[in-house]
Amino acid sequence: MAKQQISRQQQMTERAQREQDTERNQDFGDQAASARLPDDPKAAAPRDAIGRPSTGEPV
């Protein structure tokens, strides 16, 4: 019984640690993207010369 309780506490501690690591590991781009307003041109997908959303391939 004590082993189960220790194991459960360890799992909760590891989960909390992973959540903290995830928060710390957000990079600058993630923070900037979440700070942009919907009408900001940088928030929109890149466009090609024709005006369609770009896939990165030349037209």
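Note that the coordinates shown come from a computational prediction; the quantities given were computed from them, not determined experimentally.

**Student:** When you look at the side chain of Asp 48 in this model, what are you seeing that I'm missing?
**Tutor:** Along the chain, the position of Asp 48 falls in the segment after helix H2 (28-35). With relative accessibility at 18%, the residue Asp 48 sits in the buried group. For Asp 48, the side chain forms a polar contact with the main-chain nitrogen of Ile 50, separated by 3.1 Å.

**Student:** Is there a simple way to think about the pattern of salt bridges in this case?
**Tutor:** Any two side chains of opposite charge can pair, given that their charged atoms come close. In the structure shown here, the tally under the stated rule is 1 salt bridge. The salt bridge partner of Asp 48 is Arg 52, with a shortest N-O separation of 3.8 Å. Looking at Arg 52, the relative accessible area reads 48%, which means it is partly exposed.

Parameters and conventions
- Residues numbered from 1 in each chain as written.
- Predicted model: local features only at pLDDT ≥ 70, side-chain atom pairs only at ≥ 80, totals over all residues.
- Heavy atoms only, no water.
- Helix = DSSP H or I, 4+ residues; strand = E, 2+ residues; numbered from the N terminus.
- Buried < 20%, exposed > 50% of the residue type's maximum accessible area, 1.4 Å probe, protein only.
- Polar contact = N/O pair within 3.5 Å; in protein donor to acceptor, adjacent residues only side chain to side chain.
- Salt bridge = Lys/Arg side-chain N within 4 Å of Asp/Glu carboxyl O.

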